[in-house]
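Close look at the chain arrangement
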Amino acid sequence: MATIAPALPPAVPEWIPVGRYPELRPTGRWFDAVTAYSVEGVRAIARLGERSGPVIDDPEQGFVTWFVRPGSAAGWSLPCVGVLGAGCEIVVPPAAVPDRALLRWVIPPAGDCLTCPALLYDTLALVTGERRLRAAASTFTSPECLFGEHEACTKAEVPSSPQDSSVIYEPCNCDCHAGAGR
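Fair warning: this is a prediction, and the values are worked out from it, not measured in the lab. (Residues numbered from 1 in each chain as written. Predicted model: local features only at pLDDT ≥ 70, side-chain atom pairs only at ≥ 80, totals over all residues. Heavy atoms only, no water.)

Comments concerning the overall build of the protein
Let me state the cut-off plainly: Comment: elements are numbered from the N terminus, with helices defined as DSSP H or I runs of at least four residues and strands as E runs of at least two. Each residue is assigned to one of three classes by its accessible area relative to the maximum for its type, calculated with a 1.4 Å probe on protein chains only: buried under 20%, partly exposed between the two thresholds, exposed over 50%. Should any heavy atoms of two residues lie within 4.5 Å, those residues are counted as being in contact.
A tally of regular secondary structure across the protein gives 3 helices and 7 strands. When the helices and strands of the protein are placed in sequence order, the string is β-β-α-β-β-β-β-β-α-α. Per-residue burial over the protein gives 38% buried out of 182 residues. Partitioning the intrachain contacts of the protein with sequence separation of at least 6 by distance along the chain shows that 72% fall at a separation of at least 24.

Below is the structure:
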């Protein structure tokens, strides 16, 4: 008679603490950490959508944190954004965090889950206003259209929000996408 194996939980990286409590992890070994103030961070999470790797929310400190390849964020200089590279440490919560925990995952870790540094940089530059306007004000109402960069544009379609997340996606309402999902 065949037995049914129990379902395995999704694989998590080796640097995620096992157990109930957050632990310090060195940056520069498995990852570098990119932090942004909560307001800019939430805007970036919404723009990245499913293209984001895991994100930690630390409401007590007022910032969110992404994980990128070691060394890939060296030299970044964006307002409201910090980079923790080799020689630093960051507190990482376990994959299963109690509801009452202050330090928690906005986007939980799974598999090989580092965020693409180029995409994260472009998104954070956009939401922090670091990119200077390259065109005069126009009839375009989305930042992607105004900046001439349509990578994050939803073309008026709303992607599904990640499960167990408070992120809510909004449609792009660019004039240049009239008729695409409108």
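Brief notes about helix α1 (residues 38-48)
Here is the rule: Think of the arc as the fan of directions from the helix axis to the C-beta atoms.
Buried within α1 we find E40, G41, A44, I45 and L48. Axial view of α1: buried residues confined to an arc of 140 degrees, hence all on one face. More than 90 degrees from the buried face of α1, the exposed residues found are V39 and V42. Contact partners of the buried residues in α1: β2 (32-37), β3 (55-58), β4 (63-68), β7 (104-107) and α2 (117-128). G49 occupies a position one or two residues after α1 and carries a positive phi of about 55 degrees.

Brief notes about the packing of α1 against α2
The cut-off we apply is this: With axes taken as lines fitted to C-alpha atoms, and helix axes fitted only over the stretch in contact, angles between N-to-C directions fall between 0 and 180 degrees. The cut-offs work like this: below 35 degrees is roughly parallel, past 145 is roughly antiparallel, 65 to 115 is roughly perpendicular, and the gaps in between are oblique. Throughout, a crossing is termed right-handed when the near helix is turned clockwise from the far one, and left-handed when it is turned anticlockwise from it by less than a right angle. All amino acids are sorted into three groups, where Ala, Val, Leu, Ile, Met, Phe, Trp, Tyr, Cys and Pro are nonpolar, Asp, Glu, Lys and Arg are charged, and the leftover types, Gly among them, are polar.
Contact geometry for α1 and α2: axes closest at 9 Å, N-to-C directions at 125 degrees. Classed by the angle they form, the pair α1 and α2 counts as oblique. The two elements α1 and α2 cross, and the hand of that crossing is right-handed. Where α1 abuts α2, its residues E40, R43, A44, R47 and L48 lie against L119, L120, T123, L124, L126, V127 and T128. Here the contact of α1 with α2 is composed, by residue class, of 7 nonpolar, 2 polar and 3 charged.

A short note on unusual backbone geometry
Working note: non-glycine residues mostly have negative phi, and peptide bonds are mostly trans. With phi around 70 degrees, C80 is a residue other than glycine that occupies positive phi space. Positionally, C80 belongs in the loop between β4 and β5 (81-84).

Here's the deal with the sheet that holds β4
The condition is simple: Strand pairing is assigned whenever DSSP identifies at least 2 bridges connecting the two strands.
One open sheet accounts for 5 strands, arranged β5-β2-β4-β3-β7; its pairing is antiparallel. If you trace the sheet from one side to the other, it starts and ends with β5 and β7, each paired once. Neighbour-to-neighbour, the strand axes of this sheet turn through a mean angle of 30 degrees, independent of strand direction. As paired strands, β3 and β4 are joined by 4 bridges and run antiparallel to one another. Paired with D58 across the strands is F63, a residue of β4. The strands touched by α2 within the sheet are β2, β4 and β5, with β4 carrying the most contacts at an inclination of about 155 degrees.

Some thoughts on the pattern of salt bridges
Here the idea is simple: oppositely charged side chains can pair when their charged atoms come close. Going by this rule: Salt bridges are identified by distance alone: a Lys or Arg side-chain nitrogen within 4 Å of an Asp or Glu carboxyl oxygen.
In this structure the tally under the stated criterion is 2 salt bridges. With its nearest N and O atoms 2.9 Å apart, the salt bridge here joins E23 to R25. The exposure class of R25 is buried, given its relative accessible area of 14%. Of the charged contacts in the structure, one is a salt bridge between D57 and R104, with a shortest N-O distance of 3.2 Å. With a gap of 47 residues between them, D57 in strand β3 and R104 in strand β7 connect regions that are remote in the sequence. Residue class for D57 comes out buried when judged on its relative accessible area of 14%. For R104, a relative accessible area of 32% puts it in the partly exposed group.

Interpretation note: all reported values are geometric properties and have no functional meaning in isolation.
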